[in-house]
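What follows is each chain in one-letter form.
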Amino acid sequence: MQAETEHNRSFTQMVRNPQALAAAARSNVELWANLLIIGWALGFMLWQGVGFAITVGTVFAIWAILSVSLNLVVGFTGLLSVGHVGFFGIGAYTVAILTSRAEYEQLRTEAIPTFGWPFFAALPLGVLLAGVIAVAVGVVFNRFRDDIYVLVSFGFAIISFNVFLNWRGLTRGAFGIHEIPRPAVGGWVLDNELAFLVFTLAVLGIIMLLSWLIVTSSFGRVLTAIREDEQAVAVFGYRTTHYKLAVWTMSAMMAGLAGGLFASWTRFVDPNSFILLESMLLVAIVILGGLATIWGSLLGAMAFVLLEEGMRFLPFLPEIHVGQARLVVLGILLVLLMLFRPQGLVGRYRL
């Protein structure tokens, strides 16, 4: 009874004191952000119908896997990478090349090898290939820090795009690879959109669980310490380069997994899906949701997908300007966050 009376008294004081009320509201910004975005998502999906909600959910799941993977590097370890789109593309192209049968296109362009692998055989190879390439480039990246690290990761994204575009004998270049099959188990094919959404959400759940196990382990605590002061961690005998290379590789493999899902869902890949802009948008999603928080990555991905899809329905915005308007709005949101909440919506650290 006494506790309830004290609570009522404090609430009355906040109502009478607008400054105290504003301070309390600011302290609950994480709660408000969660309620706003989740409410926005539910309302928007109900408004547009079940089919649209399934599509948005699938896009969200793929971007959420990407966001969680990048947050392991940027948020928990403090390594600002803009090259994750390269690993995303490696996973997508591996699945596309190994599963697609592109004979129908060989009359118009040069022939590419066809293998006809099942999806669940090609996807692990795409994830493994992304990990192997991550180890190779990570050994080089570990020599750099801060601004130089950003520049070399930028270079990796550019190189990846040019490989996808110019290795026409394997990727068909700008023509892309068509008719990528959906996942199949025996005679059961996930060609139904709802079934594919459930499958993608299940993969997202596994990635979230793995990421949570990583960041809550002693390995994850060392990563957080590296973010705060790498030299101090090295003084205590930890080989920081090994830790950074390990989390970089795991993150790249998760991005490759997202790429394989993306290729199977869209059933078509071309180099324009893996341009540097996509990587910058991914970094923006991580910053928007919050650094060093798995839930923040999900929240940022959901906000981005809602922004991307929702602006198509604005009556006063011509369709040809929707893409540019999305970038403008996202840029304004990031500037406001840097000014008033640099740790993101639910983040723990500032960039």
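Here the structure is a predicted model, which means the values were calculated and not measured.

Conventions adopted
- Residues numbered from 1 in each chain as written.
- Predicted model: local features only at pLDDT ≥ 70, side-chain atom pairs only at ≥ 80, totals over all residues.
- Heavy atoms only, no water.
- Helix = DSSP H or I, 4+ residues; strand = E, 2+ residues; numbered from the N terminus.
- Buried < 20%, exposed > 50% of the residue type's maximum accessible area, 1.4 Å probe, protein only.
- Contact = heavy atoms within 4.5 Å.
- Areas by Shrake-Rupley, 256 points an atom, 1.4 Å probe, with all protein chains shown as cover.
- Phe/Tyr/Trp six-rings, centres within 6.5 Å; stacked < 30°, edge-to-face > 60°.
- Lys NZ or Arg CZ within 6 Å of the ring centre and 35° of its normal.
- pLDDT = per-residue confidence, 0-100.
- Salt bridge = Lys/Arg side-chain N within 4 Å of Asp/Glu carboxyl O.
- Expected span 1.5 Å × (residues − 1).
- Polar contact = N/O pair within 3.5 Å; in protein donor to acceptor, adjacent residues only side chain to side chain.

A word on the overall build of the protein. The helix and strand tally for the protein stands at 15 helices and four strands. The buried share of the protein, reckoned over its 351 residues, is 48%. Taking the intrachain contacts of the protein between residues at least 6 apart in sequence as the baseline, contacts between residues at least 24 apart amount to 77%. Accessible area for the protein stands at about 17,400 Å²; split by element, carbon and sulfur atoms hold 68% of it.

For the coordinates displayed, the defined rule picks out 19 aromatic pairs. For the pair phenylalanine 88 and phenylalanine 274, a centre-to-centre distance of 5.5 Å together with 70° between the ring planes defines the contact as edge-to-face. With a gap of 186 residues between them, phenylalanine 88 in helix 5 (residues 84-99) and phenylalanine 274 in the loop between strand 4 (268-269) and helix 13 (276-289) connect regions that are remote in the sequence. Measuring from centroid to centroid gives 6.2 Å for phenylalanine 262 and phenylalanine 274, while their planes differ by 80°, and the two rings are edge-to-face. Linking phenylalanine 262 in helix 12 (residues 240-266) with phenylalanine 274 in the loop between strand 4 and helix 13, this pair joins segments that are 12 residues apart in sequence. With relative accessibility at 17%, the residue phenylalanine 262 sits in the buried group. An aromatic cluster is built from Phe87, Phe141, Tyr149, Phe156 and Trp248, whose rings are joined through pairwise contacts. Just above the ring of phenylalanine 196 sits the side chain of arginine 182; from NZ or CZ to the centre is 4.9 Å.

Bringing the confidence of the model for the protein into the picture now. When pLDDT is averaged along the protein, the result is 84; 85% of the residues meet or exceed 70. Overall, residues 1-8 carries pLDDT values under 50, and its contacts beyond four positions in sequence, including any with other chains, amount to zero contacts. Ignoring residues within four places in sequence, the model shows residues 10-15, a span with pLDDT below 50, making three contacts including any to other chains.

Applying the stated rule across the entire model yields four salt bridges. Among the ionic pairs, glutamate 230 bridges to arginine 145, the shortest N-O distance being 3.7 Å. On the criterion of sequence distance, the pair formed by glutamate 230 in helix 11 (residues 230-235) and arginine 145 in the loop between helix 6 (119-141) and helix 7 (146-166) is long-range, its members being 85 residues apart. The buried category is assigned to glutamate 230, whose relative accessible area is 14%. Notably, a salt bridge pairs glutamate 228 with arginine 227, separated by 3.9 Å at the nearest N-O pair. Residue classification places glutamate 228 among the exposed positions, given a relative accessible area of 52%.

Before going further, it helps to examine helix 14 (residues 294-310). Relative to the 24 Å expected for 17 residues at 1.5 Å per residue, helix 14 spans 24 Å between its end C-alpha atoms, a close match to the ideal helical length. Across the 17 residues of helix 14, 15 count as buried, placing the element largely inside the fold.

This brings us to helix 9 (residues 193-216). With 24 residues, helix 9 should reach 34 Å at 1.5 Å per residue; the first-to-last C-alpha distance of 34 Å fits that figure. Of all the residues in helix 9, the buried ones are Phe196, Leu197, Phe199, Thr200, Val203, Leu204, Ile207, Ser211, Ile214 and Val215. Buried-residue contacts for helix 9 involve helix 4 (50-74), helix 6, helix 10 (218-228), helix 12 and helix 14. Where helix 9 begins, the capping side chain belongs to asparagine 192, and its oxygen is found 2.9 Å from the backbone nitrogen of leucine 194.

Take unusual backbone geometry next. Generally, phi is negative for residues other than glycine and the peptide bonds are trans, each holding for most cases. One non-glycine residue, arginine 172, lies in the positive phi region at around 65°. Among the structural elements, arginine 172 can be located in the loop between helix 8 (168-171) and strand 1 (177-178). Residue arginine 172 is classed as buried on the basis of its relative accessible area, which comes to 3%. The backbone of glutamate 179 sits at a positive phi, close to 50°, despite the residue not being glycine. Tracing the backbone through its elements, the reader meets glutamate 179 in the loop between strand 1 and strand 2 (184-185).

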